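Next come the chains, spelled out residue by residue.
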Amino acid sequence: MNKIVTAIGNKNINLKLKQEEKIEVIGEDIQYEDGILELLEKEININFLIISEEIVNKNKLINLIEEIKIINKYIKIILILENKDEELENILFSKGIYKIIYNNQMTITDLIKILNKKDDEDELKKEIINLRKLIMENSQKNNLN
């Protein structure tokens, strides 16, 4: 199950995400920038953090991402931006952003698919590990014969 935190300025999306089976939303939608860091310092096992430009000033995003990654380097951060900015995108991806979505292109269904994608990736990784084990076992059997 994916544990997520939202800081998007939209309580309705937060509530809809809470209704999803494979998603556990931690707390209410965070309404201010410092609230993100405060929550992350208390909750360390969070898979996803969804941040909207409405909550965090675009000029402060890079510093905030750096601070978040210091607290939890494994967290996947999804940013919701108003307008495309390739220069900012490149910087944010270099800082460890997982995904950038533009406000006018996002639906709640799209967001849920992104959040649930991790489960699909984990299943694929498990299958690859099992396949490697089978190959190793067969290889060892062939070497014995």
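Residues numbered from 1 in each chain as written. Predicted model: local features only at pLDDT ≥ 70, side-chain atom pairs only at ≥ 80, totals over all residues. Heavy atoms only, no water.

Judged by side-chain charge, Asp-34, Glu-38, Glu-41 and Glu-67 come together as a negatively charged surface patch. Ranked by residue count, the leading element in the negative patch is helix 2 (residues 33–42), at 3 residues. Judged by its relative accessible area of 48%, Asp-34 is partly exposed. (Patch = residues over 30% accessible without salt bridge, like charges linked within 9 Å, V, L, I, M, F, W, Y side chains within 5 Å. Areas by Shrake-Rupley, 256 points an atom, 1.4 Å probe, with all protein chains shown as cover. Salt bridge = Lys/Arg side-chain N within 4 Å of Asp/Glu carboxyl O. Lys, Arg positive; Asp, Glu negative; His and termini not counted. Charge placed at Lys NZ, Arg CZ, Asp CG, Glu CD. Helix = DSSP H or I, 4+ residues; strand = E, 2+ residues; numbered from the N terminus. Buried < 20%, exposed > 50% of the residue type's maximum accessible area, 1.4 Å probe, protein only.)

With that out of the way, let us pick up the pattern of salt bridges. Inspection of every chain in the model, using the stated rule, returns 3 salt bridges. Across the pair Glu-89 and Lys-84 runs a salt bridge, and its minimum N-O distance is 3.0 Å.

Further remarks concern the packing of aromatic side chains. The final tally for this structure, using the stated rule, is 1 aromatic pair. Taken together, a centroid distance of 5.7 Å and an interplanar angle of 70° make the contact between Phe-48 and Tyr-98 edge-to-face. Taken as a pair, Phe-48 in strand 3 (residues 48–52) and Tyr-98 in the loop between helix 4 (86–94) and strand 5 (99–102) lie far apart in primary sequence, 50 residues in all. Residue Tyr-98 is classed as partly exposed on the basis of its relative accessible area of 23%. (Phe/Tyr/Trp six-rings, centres within 6.5 Å; stacked < 30°, edge-to-face > 60°.)

This brings us to the sheet that holds strand 2 (residues 23–25). Here we have 5 strands laid out as an open sheet, ordered 2-1-3-4-5, and parallel in their pairing. Either end of the sheet is taken by a strand with one partner, and the two such strands are strand 2 and strand 5. Along the sheet, successive strands turn relative to each other by an average axial angle of 25°, direction set aside. Here 4 bridges tie strand 4 (residues 76–81) to strand 5, and the two strands are oriented parallel to one another. Residue pairing for strand 5: Ile-78 is matched across the bridge by Lys-99. (Pairing = 2+ DSSP bridges. Axes fitted to C-alpha atoms, helices over the stretch in contact; angles between N-to-C directions.)

The subject of this paragraph is helix 3 (residues 61–71). Every buried residue belonging to helix 3 is among Leu-61, Leu-64, Ile-65, Ile-68 and Lys-69, and all of these are buried. For helix 3, the arc enclosing every buried residue in end-on projection is 135°, short of the 170-degree limit, so these residues lie on one face. Summarising the contacts, the buried residues of helix 3 are in contact with helix 2, strand 3, strand 4 and helix 4. (Arc of directions from axis to C-beta. Contact = heavy atoms within 4.5 Å.)

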